[in-house]
Every structure is written in C-alpha cells, then in structure tokens.
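For reference, the chains in residue letters:
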Amino acid sequence: MIERRAFLGAAGLAAAATSAAAQVVAPAPQAGAYPAPAPFSPKDWGRVRQMFDLATDRVDMSAMLISSHPRPVREAIERHRRELDRTPIEYLERNNRPLQNAARERVGRYLGAPAANIALTDSTTMGAGLVYNGVQLGYGQEALTTDRDYYVTHEALRLSARRNGASVRRVPLYADSRKASADALTQGVVSQIRPNTRLLALTWVHSSTGLKMPIGRITAEVARINQNRAPADRVIVSVDGVHGFGCEDAGLPELGCDIFFAGAHKWLFGPRGTGVVAASAAGLAALRPTIPTFLDSMAYSNWISGAEPGANTGARFTPGGFKAFEHLWALSDAFVLHDMVGRRQVAQRTGELTEQLKAGLAAMPHVTLWTPRSRELSAGIVSFDVAGLSADQTVDKLREWKIMASAAPYARPHVRLTPSIRNSPDEVDFALKAVRALA
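Here's what I pulled together on the structure shown here.

What counts and what doesn't
Residues numbered from 1 in each chain as written. Predicted model: local features only at pLDDT ≥ 70, side-chain atom pairs only at ≥ 80, totals over all residues. Heavy atoms only, no water. Helix = DSSP H or I, 4+ residues; strand = E, 2+ residues; numbered from the N terminus. Buried < 20%, exposed > 50% of the residue type's maximum accessible area, 1.4 Å probe, protein only. Salt bridge = Lys/Arg side-chain N within 4 Å of Asp/Glu carboxyl O. Arc of directions from axis to C-beta. Contact = heavy atoms within 4.5 Å. Pairing = 2+ DSSP bridges. Axes fitted to C-alpha atoms, helices over the stretch in contact; angles between N-to-C directions. Polar contact = N/O pair within 3.5 Å; in protein donor to acceptor, adjacent residues only side chain to side chain.

Next up on the list: unusual backbone geometry. For Phe-269, which is not a glycine, the phi torsion comes out positive at approximately 60°. Along the polypeptide, Phe-269 turns up in the loop between β7 (259-263) and β8 (275-279). Among the residues examined, Phe-269 registers a relative accessible area of 1% and is labelled buried. Unusually for a residue other than glycine, Lys-402 sits at a positive phi of about 65°.

Here it is as structure tokens:
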C-alpha cells in the first residue's frame with residue numbers, strides 16, 4: 001500500500017517540474033471569449049471558409065445535416081476539454097452553470113427572446129420530444145400538423161397523444177411544392193383550426209422539398225383567432241426551426257410563434273450535440289418539464305424543502321444530467337462567426353447561392369426542381385430529381401465528383417444540395433456542371 005505521505009511527496013516532485021501557473025485551477029473563462037474578428041467585408045467570404053477545416057478536395061453542400069466546427073468553436077471545445085481532463089470536478093463546478101446561462105443569453109439575443117425563456121437541449125429531436133411531451137393538452141383537445149412535417153414531429157405528437165388522451169390530426173398542405181403560394185399555404189393551415197385545436201405544430205423549412213413556410217403570416221392569423229378564445233383554449237404555435245436557425249434573418253418576433261426548437265449543429269455551425277428551445281411567455285406557460293434539471297438554481301432546494309417549483313422557466317425546462325460539457329459550453333462561440341458576418345448578410349449570401357443553384361437546375365431538361373423559386377418560400381435547401389436516377393443513385397454519382405449531397409428520408413425522397421456561407425459561387429457552378437453531366 002502506498003502511504004499518503006509518500007504519494008503526496010511523489011506528486012509534489014512531479015508537480016515541481018511544471019510551472020506554477022499550471023498547478024492552479026483555470027479560472028472560469030468568459031463565454032464567447034474568442035477575440036473579436038476584424039470588420040467583415042461583403043467581398044471577404046474567403047475568410048469564412050478559412051474558419052472551417054473542411055477537406056479542400058470536396059464541395060460540401062451538406063450544412064443541413066451536420067456541421068463542421070468553425071475555428072472559434074473548435075478552439076473553445078479544446079480549451080474546455082483540456083481543463084476538464086486536468087481538473088474535472090473543479091472546472092465543472094466553476095463553469096457549468098455560468099457557461100450554460102451565458103449560452104442561453106447569447107441564443108436569446110440572436111433569436112430576440114429573453115434568456116430566461118431559453119432552454120438548452122442536445123438536438124432538434126430532443127427539443128421536439130420535450131416540447132410535444134410537455135405541452136399540456138386536455139382530453140378532447142387536438143394537436144394539428146400537416147402531412148409535410150417530418151417524422152420527428154409526427155412521432156413525438158403520436159407518443160404524446162397516447163399519454164394524454166388528446167388527438168393528432170394531419171392535414172394535406174400542398175400537392176406540388178412548385179405551385180405553392182404564401183397565401184394558399186397560410187389559408188391551408190389556418191382554415192383547418194377547429195374549436196378544440198390547442199396546438200399547431202409546424203416546420204419552418206421542409207427538409208423534403210426545401211419549401212419555407214410563411215410562419216409569420218400564419219401566426220398573425222392565429223393571433224386573430226385567439227382573441228376570441230379563453231386562455232386555456234388558445235392555439236399554441238410550435239415551430240421546428242432547425243433549417244432556418246442560422247441561415248434566415250428572423251427570430252421569434254418575426255416568426256410570432258409561441259415555441260421554437262432547433263438543433264444548433266447545422267446551419268448555425270454550433271457544437272455537435274447542442275440544441276435550443278425558445279418560448280414566449282404563453283409558450284412557457286403551456287409547457288411542463290419532462291427531465292429533471294440541474295440548471296435551475298432552486299431545483300435542489302425545492303426538492304429538499306418540498307416546495308412547489310412554481311412557473312416553468314427556460315432553466316427548469318433544460319434537461320439535467322452529465323453531458324459533453326465541452327460542447328455545451330462552446331455554444332456561445334458559434335455566434336462569433338455569425339456576429340462577424342451579421343444575421344442579415346448570412347441570409348442574403350445563403351439566398352444568393354441557392355438562387356444561383358435553383359436557376360441552374362431549373363434550366364436543365366433532365367432535372368425536376370422541387371424547391372420553390374420564390375425567395376419568400378425557400379431558404380438554404382434545394383431539392384430536385386434527375387430523370388432516370390433514384391435520389392440515392394444521384395447522390396452516389398455526385399459523390400464521385402466529390403460533391404456532398406444527400407437524399408431526403410421521406411416516402412418520396414429527393415436529392416438535396418444545401419449551399420451555405422461556407423460555399424462559393426464557383427462551387428455552385430461546379431455542382432451544376434456535375435448535375436448537367438448526369439443527363
């Protein structure tokens with residue numbers, strides 16, 4: 001057995017070989033402490049690309065799936081990982097709550113919502129599960145969604161309805177995305193709201209066709225309906241916003257929804273395994289937490305004293321547990337890039353690249369473009385089919401050109417190219433050349 005005195009003496013000899021600074025616990029870093037970048041010029045998109053370690057022999061148009069971390073995020077993750085490995089319990093105790101709250105504040109500032117109304121998750125899927133399990137639906141009330149929403153929304157609603165006695169109704173939204181209009185989409189949703197409709201579950205940008213829903217128009221109409229309803233019967237609008245979060249110039253005030261959830265590791269280029277839920281006061285009031293939190297400062301004292309926790313908050317809605325803390329704490333650093341460029345300019349650049357791609361694809365006789373040409377009804381996803389090839393076959397052939405595309409996982413899959421601010425007009429032209437060669 002090694003005596004404690006002998007062990008500490010040996011440790012002291014080893015420590016003497018290191019600097020004094022390395023022997024103390026690192027102080028809690030400031031969230032988003034990455035140095036402010038130089039002012040950004042609209043002609044300086046090469047600086048954005050240089051922040052990513054993407055392979056230079058590929059054209060990566062898969063921002064909608066999983067992010068490559070930009071430099072500020074990579075360096076923040078490494079900084080936190082290094083200190084967690086060196087002094088895990090001390091670094092965790094000093095940093096966990098402050099850095100999570102700093103991330104909530106930064107997300108809220110980007111989305112135009114109070115930090116107190118922001119919860120942190122690990123993905124869009126977790127957000128959907130927490131939201132649709134947490135929305136209080138009474139017996140006989142219904143959740144309304146559409147046939148164009150994703151598996152995650154449909155399944156989360158189905159599982160929730162099995163527990164609370166509510167019903168789920170899916171309504172057809174459009175027969176052909178190419179012929180959709182903002183007016184028809186708005187009317188198609190709002191006209192389906194019934195007296196017992198309590199929850200309206202929508203998706204901002206459809207990952208199948210790339211169609212962007214006119215959420216602001218829809219919520220304006222819902223607000224008019226809610227004026228004549230008792231608070232317990234008002235329609236709560238919840239939005240899966242993952243394919244607009246980070247590439248569209250809109251937040252909660254512009255969308256007008258009560259609940260917004262998204263993963264942060266797609267268009268935002270945030271740390272993999274992070275996500276958010278943002279809510280209005282009405283949205284928070286309609287939600288109940290599912291997983292015990294560690295973030296709410298009163299959680300343990302309420303448990304010990306037996307006190308009721310009171311009204312829901314973003315902190316209380318944030319799931320507790322031990323996580324990949326170095327990723328979670330680096331979420332604030334995802335906004336270094338977006339602050340450098342600006343939310344409006346990110347949206348403009350994304351729109352320019354997608355317009356270039358859509359125009360090129362629409363001119364090809366062997367291609368069917370499913371994403372609306374209208375900027376009002378599209379974001380960064382461009383969906384299409386190539387005659388004579390399945391979606392998977394097209395993706396495989398584009399991979400031979402070193403172009404990273406994907407196939408939409410729906411009953412009717414389409415090919416997706418999703419240019420982002422990491423890409424250039426030359427890369428879009430190269431992708432068009434490859435698709436043209438598939439004729």
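In this structure the tally under the stated criterion is 23 salt bridges. In this structure, the salt-bridge partner of Glu-78 is Arg-82, at a minimum N-O distance of 3.9 Å. One end of the pair, Glu-78, and the other, Arg-82, are both in helix α3 (residues 71-86), four residues apart, so they sit about a helical turn from each other. According to the relative accessible area criterion, Arg-82 is partly exposed, its value standing at 41%. Notably, a salt bridge pairs Glu-376 with Arg-217, separated by 3.1 Å at the nearest N-O pair. Taken together, the positions of Glu-376 in the loop between β9 (367-369) and β10 (382-386) and Arg-217 in helix α8 (residues 215-226) put the pair 159 residues apart, joining distant regions of the chain.

Taken residue by residue, helix α16 (residues 391-400) has Ala-391, Thr-394, Val-395 and Leu-398 as its buried positions. Projected onto a plane normal to the axis of α16, the buried residues spread over an arc of 100° and lie on a single side. Pointing more than 90 degrees away from the buried face of α16 are the exposed residues Asp-392 and Glu-400. Buried-residue contacts for α16 involve β10, β11 (403-404), β12 (406-407), β13 (415-417) and α17 (425-436).

With that settled, the discussion passes to the sheet that holds strand β4 (residues 167-171). Strand order across the open sheet formed by seven strands is β2-β8-β7-β6-β5-β3-β4, with mixed pairing between neighbours. The open sheet is flanked by β2 (118-121) and β4, the only strands paired with a single partner. With strand direction ignored, the average angle separating the axes of adjacent strands in the sheet is 20°. Here α8 sits on the sheet and contacts β5 (197-203) and β6 (236-240); the angle it forms with β5, its principal contact strand, is near 170°.

Turning next to the side chain of Ser-383. Inspection of the secondary structure assignment puts Ser-383 in strand β10. Within the structure, Ser-383 has its side chain in polar contact with the backbone oxygen of Ser-208 (distance 2.8 Å). In contact with Ser-383, not counting residues within four places along its chain, are Ser-208, Thr-209, Gly-210, Thr-368, Leu-369, Trp-370, Thr-371, His-414, Val-415 and Arg-416.

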